[in-house]
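Chain by chain, the residues run as shown.
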Amino acid sequence: MSRTSAVPQLSIPFDPALIESQVRAALDEDVGSGDLTASLLPADQEARAELVTRESAVLCGTAWFETVFRLLDPAVRIHWDASDGQGIEPGQRLCVIEGRSHVLLTAERTAMNYLQTLSGTATLARRYADAVAGLPVRVLDTRKTLPGLRLQQKYAVRCGGCHNHRLGLFDAILIKENHILAAGSIPAALEAARTLHPGVPVEIEVESLEELEIALDSGAPIVLLDNFALDDLRRAVAVTSGRAQLEASGGISLETIRAIAETGVDRISVGALTKDVRAVDLSMRFS
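Residues numbered from 1 in each chain as written. Predicted model: local features only at pLDDT ≥ 70, side-chain atom pairs only at ≥ 80, totals over all residues. Heavy atoms only, no water.

Chemist: I would appreciate a short explanation of the overall build of the protein chain in the present structure.
Modeler: Helix and strand content of the protein chain: 10 helices and 12 strands. Reported as C-alpha extents along the three principal axes, the dimensions of the protein chain are approximately 70 × 40 × 25 Å. Taking all 287 residues of the protein chain together, 48% fall into the buried category. Expressed as a percentage of contacts within the protein chain between residues at least 6 apart in sequence, the contacts between residues at least 24 apart total 72%. When the accessible surface of the protein chain is split by element, carbon and sulfur atoms take 52% of a total near 13,500 Å². Each charge class in the protein chain can be summarised by its mean position, and for the 28 positive and 38 negative side chains these summaries are 3 Å apart. (Helix = DSSP H or I, 4+ residues; strand = E, 2+ residues; numbered from the N terminus. Buried < 20%, exposed > 50% of the residue type's maximum accessible area, 1.4 Å probe, protein only. Contact = heavy atoms within 4.5 Å. Areas by Shrake-Rupley, 256 points an atom, 1.4 Å probe, with all protein chains shown as cover. Lys, Arg positive; Asp, Glu negative; His and termini not counted. Charge placed at Lys NZ, Arg CZ, Asp CG, Glu CD.)

So, in structure tokens, the structure goes:
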């Protein structure tokens, strides 16, 4: 894992109340009416545990991890040796946790689920960011997130050095093939967007150079080039000549993203950033 990528300024604010509501839902799912196994332990027994990573990764999700323990017992103490957005290496200690044994054991899985999943997202994002290092392109996530983890994963994408597309259906307009068919044409769809939602970011998807020309002539500010071959991406950049921002999308992988970035597009959206996530291998060891 490269350590050279700068950690970006994170643009999605997370207030404690929002994190707490998310964590309460996760605890309700796992703990329910109570942890039957942990109830076998003495209520006042104290323990100490260390959280260790078994692989290289980018750490993300510490606030959710901490909140799990705090909601179960505010007296739990966590001392971090690493922070969100930081590269971590196999065998590295991430934090020390101290508190009552039954609380540490009850919190362990929910807390680890957050940290492993969000670190997995941030780690993959860092790989994509590194793959286009030095090129003037932004790698964006999509709405293909794990249900219930939309904001958390988009935060993790930023921790990894990539960028966020729209958060949901409410904050930007993305006109796709079926929207165009329903509206009747590319110009009609764009005109409806401008009329009904002035000031809202608008992007339209095209599937050919001919459609690109129509979108440009209709004043599209951002055009998504869906599954364009490399030669067509280069032609699209030349045809557009700065009249709109161009975004490449569709089947993009770590193996193909640099060549796509080198065509001169402004943005590349990658569903895999949040969809194809593998949890980072972390271990909580009692001592």
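Chemist: Is there a simple way to think about the state of the cysteines in this case?
Modeler: Each disulfide is one covalent bond, formed between the sulfur atoms of two cysteines. Going through the model one piece at a time under the given rule, you end up with 0 disulfides. Between Cys95, a cysteine without a disulfide, and Cys60, which holds the nearest cysteine sulfur, the sulfur-to-sulfur distance is 14 Å. The structure places no disulfide on Cys162, whose sulfur is separated from the nearest cysteine sulfur, that of Cys159, by 11 Å. Of the residues examined, Cys162 reaches a relative accessible area of 1% and is grouped as buried. (Disulfide = S-S within 2.5 Å.)

Chemist: It is not clear to me how the confidence of the model for the protein chain should be interpreted in this structure. Could you clarify?
Modeler: Atomic detail in the predicted coordinates should be set aside for any region of low pLDDT. Of the residues in the protein chain, 95% have a pLDDT of 70 or more, and the chain-wide mean is 94. Low confidence marks residues 1–11, where pLDDT is under 50. Its contacts with residues over four positions away, or in another chain, come to 24 contacts. (pLDDT = per-residue confidence, 0-100.)

Chemist: Please clarify how the pattern of salt bridges should be interpreted in this entry.
Modeler: When the charged atoms of two side chains lie near each other, side chains of opposite charge can form a pair. Overall, the coordinates contain 20 salt bridges when judged by the stated rule. Between Arg70 and Glu20 there is a salt bridge whose closest N-O contact spans 3.6 Å. Here Glu20 lies in helix α1 (residues 16–30) and Arg70 lies in helix α2 (residues 62–72), a separation of 50 residues in the sequence. Accessibility expressed as a relative area gives 37% for Arg70, which makes it partly exposed. The partner of Arg278 in a salt bridge is Glu55, with the nearest N and O atoms 2.7 Å apart. On the criterion of sequence distance, the pair formed by Arg278 in the loop between α10 (272–275) and β12 (282–286) and Glu55 in the loop between β1 (46–53) and β2 (57–58) is long-range, its members being 223 residues apart. Overall, Arg278 belongs to the exposed group, its relative accessible area being 52%. (Salt bridge = Lys/Arg side-chain N within 4 Å of Asp/Glu carboxyl O.)

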